[in-house]
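# Fold and contact review
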Amino acid sequence: MKIGVLALQGAVAEHIRSLEAAGATAVSIKRTEQLAELDGLVIPGGESTTIGKLMRKYGFIEAIREFAAEGKPIFGTCAGLIVLAKRIEGQDEAHLQLMDMTVARNAFGRQRESFETDLVVKGVDEPVRAVFIRAPLIKSVGAGVEVLSTYRDEIVVARQGNLLACSFHPELTEDFRMHAYLLQMAEEAASLRASAERSNSSV
Ligand code: GLN
């Protein structure tokens, strides 16, 4: 599986390393034309306002919406989660507006700007080591969104079909299972595309 990491700003190299450790071929994505060759995409942590601005500038908003509409998986981590959300608390406009959820930026306050913990994530066998850095929280989700993990009763991992989002930085530890989870989604999406193609060519 070939997985891209949106390389406009943020923790790109770390995601590339983790994706490769999980068994993917990983590439950094700087131009929209590169999306066509991918089976999945990571939108990394960093600064969501900056990432959003650069996405608009380089045509990624429409291109990534089309990518999502093809059923290909997208994994937004930290700032990437914010970029995926339909609604951002206190902001008039969101970015991709793909995931039916409302997010709050920098939701942990000053005392707990950064911390690490072990999180139980639905679909992952053992707790995941999670590094939170000025992390967002998911304040509410629509009916089509499945909550995969909570921390102190707040939502920190969620999935809506081919879209996956987490509040923390899975690329900063030696725990590659969130990346493996994305890879699994990419494999499932690829086999669905292949069978759709087979049934198209048989009519
Ligand atoms: N606080 C950042 C934002 O609002 C996200 C932090 C991160 O990605 N580590 O964009």
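Residues numbered from 1 in each chain as written. Predicted model: local features only at pLDDT ≥ 70, side-chain atom pairs only at ≥ 80, totals over all residues.

- In the nomenclature of an unreviewed UniProt entry, the chain is known as Pyridoxal 5'-phosphate synthase subunit PdxT of Paenibacillus cisolokensis.
- Per its UniProt entry, the chain bears the Sequence similarities (unreviewed entry) comment "Belongs to the glutaminase PdxT/SNO family."
- Comment text from UniProt for the chain, heading Subunit (unreviewed entry), reads "In the presence of PdxS, forms a dodecamer of heterodimers. Only shows activity in the heterodimer." (UniProt positions renumbered as here; feature names shortened; annotations may be inferred.)

## Some points on the site of the ligand
- As a matter of local geometry, the ligand sits amid Gly-45, Gly-46, Glu-47, Ser-48, Cys-78, Ala-79, Ile-82, Arg-105, Asn-106, Ile-133 and Arg-134.
- Grouping the amino acids of the shell around the ligand by side-chain chemistry returns four nonpolar, four polar and three charged. (Near = placed C-beta within 6 Å. Nonpolar A, V, L, I, M, F, W, Y, C, P; charged D, E, K, R; others polar.)

## Focus on the pairing of strand β1 (residues 2-6)
- When you tally the buried positions in β1, you get four out of five residues, the bulk of the element.
- The pairing of β1 with strand β2 (residues 25-29) spans five bridges and is parallel. Paired with Ile-3 across the bridge in β2 is Ala-26.
- A crossover connection joins β1 to the parallel β2 through helix α1 (residues 12-21); in handedness this β-α-β unit is right-handed.
- Pairing geometry for β1 and strand β3 (residues 40-43), over three bridges, is parallel. In the sheet register, Gly-4 faces β3, and the bridge partner there is Leu-41. (Buried ≥ 20, exposed ≤ 12 C-beta atoms within 10 Å, placed from the backbone. Helix = DSSP H or I, 4+ residues; strand = E, 2+ residues; numbered from the N terminus. Pairing = 2+ DSSP bridges. Right-handed = clockwise from strand over helix to strand, strands pointing away.)

## Observations regarding the UniProt feature "binding site: L-glutamine" (unreviewed entry) in the chain
- Within this structure's numbering, the places UniProt gives as "binding site: L-glutamine" (unreviewed entry) are Gly-46, Glu-47, Ser-48, Arg-105, Ile-133 and Arg-134. The named residues occupy 89 residues along the chain; their greatest pairwise C-alpha distance, 13.0 Å, places them in one compact cluster.
- Along the chain, Glu-47 turns up in the loop between β3 and α2 (48-57).
- Leave out the neighbours within four places in its chain, and Glu-47 touches Gln-9 and Ala-79. (Contact = placed C-beta atoms within 7 Å.)

## Some remarks on the environment of Phe-132
- With respect to the helices, strands and loops of the structure, Phe-132 is situated in strand β8 (residues 128-133).
- In sequence terms Phe-132 and Pro-170 are 38 residues apart; their C-alpha atoms lie 9.2 Å from each other.
- Not counting the four nearest positions on each side in its chain, Phe-132 is found in contact with Phe-108, Ser-114, Phe-115, Ser-167 and Phe-168.

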